[in-house]
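Listed here are the chains, written in short residue letters.
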There are 2 protein chains.
Amino acid sequence: MTYEAVVRVTLKGGVLDPEAKTIQRSLNRLGFGVENLRTADEYVVEIDAVDENEAREQAEEMCERLLANPTIHDYTVEVRET
Amino acid sequence: MTYEAVVRVTLKGGVLDPEAKTIQRSLNRLGFGVENLRTADEYVVEIDAVDENEAREQAEEMCERLLANPTIHDYTVEVRET
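Residues numbered from 1 in each chain as written. Chains lettered and ligands numbered in written order. Predicted model: local features only at pLDDT ≥ 70, side-chain atom pairs only at ≥ 80, totals over all residues. Heavy atoms only, no water.

Caption draft 1: Spatial organisation of the packing of helix H1 (residues 18–29) of chain A against helix H2 (residues 52–67) of chain B. As a packed pair, H1(A) and H2(B) sit with axes 11 Å apart at the nearest point and diverge in direction by 105 degrees. Considering their axes alone, H1(A) and H2(B) lie roughly perpendicular with respect to each other. Of H2(B), the residues touching H1(A) (which contributes Ile23(A), Ser26(A) and Leu27(A)) are Met62(B), Leu66(B) and Leu67(B). For the contact of H1(A) with H2(B), the residue count by class is five nonpolar, one polar and no charged. (Axes fitted to C-alpha atoms, helices over the stretch in contact; angles between N-to-C directions. Helix = DSSP H or I, 4+ residues; strand = E, 2+ residues; numbered from the N terminus. Parallel < 35°, antiparallel > 145°, perpendicular 65-115°, else oblique. Contact = heavy atoms within 4.5 Å. Nonpolar A, V, L, I, M, F, W, Y, C, P; charged D, E, K, R; others polar.)

Now the structure itself:
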């Protein structure tokens with residue numbers, strides 16, 4: 001069965017986010033009163049699995065091995081049927 | 001009042017996503033049977049606004065002027081109180 005795993009990768013608290021700082025400065029220069037900005041990367045992965053649990057396990061292993069760096073990233077996984 | 005606008009920027013259908021292709025190939029090489037993978041960028045923006053509508057309008061204008069390229073991107077905006 002095919003599932004969609006929505007993986008959301010964010011920087012851990014306290015880890016500098018230069019991309020966010022740059023975007024925030026640009027928005028402020030454009031006149032927007034942005035007080036804080038955080039970024040996140042999202043991956044929607046189509047997985048073939050026996051059930052939802054197996055799809056979740058596969059997605060979490062993908063995070064551990066490639067999509068997220070455990071030193072600086074947190075991640076969440078949501079699984080849905082397609 | 002401070003609101004959080006969650007902006008999600010995705011590539012329009014039919015627009016090539018080389019980042020996604022590269023990640024998918026890497027996952028396949030690691031032995032994962034990934035059939036399709038899409039990426040999205042997410043921005044969580046803290047906005048000072050009179051009400052939710054004004055916060056939404058500000059966030060949509062940020063998309064139009066900086067966060068999304070209307071030629072290749074679609075975007076969604078969700079607003080919540082902090």
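Caption draft 2: Region of interest: the relation of the copies chain B and chain A. The two copies are related by a screw motion: chain B maps onto chain A through a turn of 180 degrees and a shift of 0.0 Å along the axis, at an RMSD of 0.0 Å. The transformation just described matches what one would write down for a two-fold rotation axis. For chain B, the minimum C-alpha distance to the rotation axis belongs to Asp41(B) and amounts to 2.6 Å. When you check the interface residues of chain B against chain A, 100% turn up at the interface there too, and the contact is symmetric in its surfaces. (Least-squares fit on C-alpha atoms with pLDDT ≥ 70 in both.)

Caption draft 3: Fine view of a negative patch on the surface. All names here are of chain A. Residues Asp51, Glu52, Glu57, Glu60, Glu64 and Glu81 make up a contiguous surface patch of negative charge. A per-element tally of the negative patch places helix H2 (residues 52–67) first, with four residues. Topologically, Glu81 is positioned in strand E3 (residues 73–81). (Patch = residues over 30% accessible without salt bridge, like charges linked within 9 Å, V, L, I, M, F, W, Y side chains within 5 Å. Areas by Shrake-Rupley, 256 points an atom, 1.4 Å probe, with all protein chains shown as cover. Salt bridge = Lys/Arg side-chain N within 4 Å of Asp/Glu carboxyl O. Lys, Arg positive; Asp, Glu negative; His and termini not counted. Charge placed at Lys NZ, Arg CZ, Asp CG, Glu CD.)

Caption draft 4: Examining the side chain of Glu4(A) more closely. Considering the arrangement of structural elements, one finds Glu4(A) in strand E1 (residues 2–11). A polar side-chain atom of Glu4(A) sits 3.5 Å from a polar atom in the side chain of Arg38(B). (Polar contact = N/O pair within 3.5 Å; in protein donor to acceptor, adjacent residues only side chain to side chain.)

Caption draft 5: Spatial organisation of the interface of chain B and chain A. Of the residues lining the interface, 30 residues belong to chain B; the matching set on chain A comes to 30 residues. In this assembly, chain B packs against chain A so that about 2,800 Å² is buried in total across both faces, 53% of it on carbon and sulfur atoms. When the buried area of chain B at its contact with chain A is split by residue, Phe32(B), Arg38(B) and Glu42(B) rank highest and sum to 21% of it. Summed over the shared surface of chain B and chain A, the result is four salt bridges. The salt bridge involving Arg38(B) is made with Glu4(A); its shortest N-O contact spans 3.5 Å. Taken together, the elements giving at least two residues each to the side of chain B that touches chain A come down to strand E1 (2–11), helix H1 (18–29), strand E2 (34–48) and H2 of chain B. Top contributing element to the side of chain B that touches chain A by residue count: E2(B), with 14 residues. By residue class, the composition of the side of chain B that touches chain A is 13 nonpolar, six polar and eleven charged. Here strand E2 (residues 34–48) of chain A pairs with E2(B) via 13 bridges, running antiparallel. (Buried area = accessible area lost by both parts, 1.4 Å probe. Pairing = 2+ DSSP bridges.)

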